[in-house]
Amino acid sequence: MNNSKKILLTGGAGYIGSHTAVELIQQNFEIVIVDDLSRSEARIIEGIENITNQRVNFYKGDCNDSLFLDNVFKKESIDSLIHFAAYKSVNESVDEPLLYYQNNLGSMINLLSAMKKHQMNKFIFSSSCTVYGQPDAMPVDENAPFKKAESPYGATKQMCERILEDTVNSNRNLKVISLRYFNPVGAHPSSLIGELPIGAPTNLVPYITQTAAGVREKLTVFGDDYDTADGSCVRDFIDVDDLAKAHVQAIKSIEKISGRYETFNLGTGRGETVLQIVKKFEEVTGVKLNYQIGARRAGDIEKIFANPAKAKEILGWQTKKSIGDSLLNAWNWEKKVRNIL
Ligand code: UD1
């Protein structure tokens, strides 16, 4: 069976985009990937092809280039769009705010303009729990107010959601879902796709796997004096395959959902501390991790985890994988990248 709906994935060669591409293809959706490969590599496209045994319809280009986008929309009959393409490093965004505002907001505006021109009306956006800033209550649900963004990266996610809401208000035909990811971790069980950080990773799990692989000397746990079970920060770590499946559910549900702009938290609903993740990694992989406790990292939130009830009720989606599985898959991917047997 073919669902005969072409779905455009911007940033489809990226970490979450590539896993979603696999899920969509495996559920018989036709996809088109647009990616400039500035933060990924062609081998991820090959990985998608090897897992699914299908050639991927791929255009290399930048979503900030409106002529390029126009060309893609003219050639392909696109039914809906999932917009993953964005810069996502909190630290880098502090050093290069203009780069972040220009890229993340520019591509959003370009895409919405192209959609208007080509009369496409279904849009799914990669948002983030970062939109909540430091929430007052835990677990956080979708009605929590946007507090001041902790970084320019976070501000771009807040602004993109605002741009989407305003655009929906101006166009009665448009429907938008913003998916607010908590902390995505893991890799595809095949080890053919996974995260490819550029330079030293800033995220926890790639730093752990690179330390275990000997690429980094030592992991620093940023702070053990927070008001949490063991003093390290609490996050909601969600497996990337579970996350990918949520996008498929969003695509399947977008027409039926009553609201024209809807937001969903995508998380497990469980908080885990950084030190619990370190210990779990050692337990499931049998690898001893070289780590030390260091100072708190500027801008870190003490504790955040999701109330994912809305996604369960409306999208019929919930997480299935355990954190142990995710960490093992992340490790297997790292070993593959580093040629470790
Ligand atoms: C942040 C954003 C998230 C975004 C992600 C993308 C917030 C609240 N979250 O996640 O929306 O998608 O960046 O990059 O803004 N840690 C260490 N040592 C390390 C690395 C991390 O102890 O070497 C700790 C951090 O202090 C933090 C936890 O691990 O407590 C998770 O950090 P990280 O993976 O960087 O993600 P967030 O900052 O939670």
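Up top you'll find the structure we're talking about.
Residues numbered from 1 in each chain as written. Predicted model: local features only at pLDDT ≥ 70, side-chain atom pairs only at ≥ 80, totals over all residues. Heavy atoms only, no water.

1. Some details on the side chain of Thr209
For Thr209, the position within the fold is in helix H7 (residues 204–212). A distance of 3.1 Å separates a polar atom in the side chain of Thr209 from the backbone oxygen of Pro206. With near-sequence residues (within four places) excluded, Thr209 lies in contact with Phe281, Ala330, Trp331 and Glu334. (Helix = DSSP H or I, 4+ residues; strand = E, 2+ residues; numbered from the N terminus. Polar contact = N/O pair within 3.5 Å; in protein donor to acceptor, adjacent residues only side chain to side chain. Contact = heavy atoms within 4.5 Å.)

2. A closer look at the pattern of salt bridges
Summed over all chains, the structure comprises 21 salt bridges. With a shortest N-O distance of 3.1 Å, Lys321 and Asp241 are connected by a salt bridge. With Lys321 in the loop between helix H10 (309–315) and helix H11 (323–337) and Asp241 in helix H8 (residues 240–253), the pair connects residues that are 80 residues apart, well separated along the chain. In this structure, Lys288 and Glu282 form a salt bridge, with 3.4 Å as the shortest nitrogen-oxygen distance. Owing to a relative accessible area of 69%, Lys288 belongs among the exposed residues under this scheme. (Salt bridge = Lys/Arg side-chain N within 4 Å of Asp/Glu carboxyl O. Buried < 20%, exposed > 50% of the residue type's maximum accessible area, 1.4 Å probe, protein only.)

3. Regarding the nonpolar core
The biggest cluster of nonpolar side chains holds 42 residues, and the ones touching the most others in it are Leu9, Leu179 and Leu266. Only strand E1 (6–10), helix H1 (15–26), strand E2 (30–35), helix H2 (42–52), strand E6 (175–181), H8, strand E11 (261–266) and H10 provide two or more residues apiece to this core. Once residues lying within four places of it in the same chain are set aside, the contact partners of Leu9 are Gly17, Thr20, Ala21, Leu24, Ile31, Val32, Ile33, Val34, Ile82 and Phe84. Of all hydrophobic cores here, the second largest spans 26 residues; its members include Cys63, Leu81, Cys160 and Val168. (Core = buried A, V, L, I, M, F, W, Y, C linked by side-chain atoms within 4.5 Å.)

4. Observations regarding the packing of aromatic side chains
The geometry of an aromatic ring pair is captured by the separation of the ring centres together with the interplanar angle, meaning the angle of the planes. Summed over all chains, the structure comprises 2 aromatic pairs. For the pair Tyr87 and Tyr100, a centre-to-centre distance of 5.5 Å together with 55° between the ring planes defines the contact as tilted. Here Tyr100 lies in helix H5 (residues 97–117) and Tyr87 lies in the loop between strand E4 (78–83) and helix H4 (90–95), a separation of 13 residues in the sequence. Each member of the pair Tyr87 and Tyr100 is classed as buried. Between Phe281 and Trp331 the ring centres are 5.8 Å apart and the planes differ by 80°, which places this aromatic pair in the edge-to-face class. Within this pair, whereas Phe281 is found in helix H9 (residues 274–285), its partner Trp331 is found in helix H11, the two being separated by 50 residues in sequence. By relative accessible area, Phe281 is classed as buried at 0%. The ring of Tyr87 is capped by Arg39, whose NZ or CZ atom sits 3.9 Å from the centre of that ring. (Phe/Tyr/Trp six-rings, centres within 6.5 Å; stacked < 30°, edge-to-face > 60°. Lys NZ or Arg CZ within 6 Å of the ring centre and 35° of its normal.)

5. Remarks on the packing of H1 against H2
Where H1 meets H2, the closest approach of the two axes is 10 Å, and the angle between their N-to-C directions is 25°. Considered as vectors, H1 and H2 are oriented roughly parallel to each other. Relative to H2, the crossing made by H1 is right-handed. Packed against H1, whose contacting residues are Ser18, Ala21, Val22, Ile25 and Gln26, the element H2 presents Ile44, Ile48, Ile51 and Thr52 at the interface. Considered class by class, the residues forming the contact of H1 with H2 number 6 nonpolar, 3 polar and no charged. (Axes fitted to C-alpha atoms, helices over the stretch in contact; angles between N-to-C directions. Parallel < 35°, antiparallel > 145°, perpendicular 65-115°, else oblique. Left-handed = near helix turned anticlockwise from the far one by under 90°. Nonpolar A, V, L, I, M, F, W, Y, C, P; charged D, E, K, R; others polar.)

6. Details of the sheet that holds E1
By definition, the strands of a sheet pair up through backbone hydrogen bonds, in either a parallel or an antiparallel sense. If you walk across this open sheet you meet the 7 strands as E3-E2-E1-E4-E5-E6-E11, and the pairing is parallel. Only two strands of the sheet have a single partner each, and these edge strands are strand E3 (57–60) and E11. Pairs of neighbouring strands in the sheet enclose a mean axial angle of 20°, with direction left out of account. As judged from the 4 bridges shared by E2 and E3, these two strands associate in the parallel manner. Paired with Val34 across the strands is Tyr59, a residue of E3. Its contacts with the sheet put H1 on E1, E2, E4 and E6, and the angle it makes with E1 is roughly 165°. (Pairing = 2+ DSSP bridges.)

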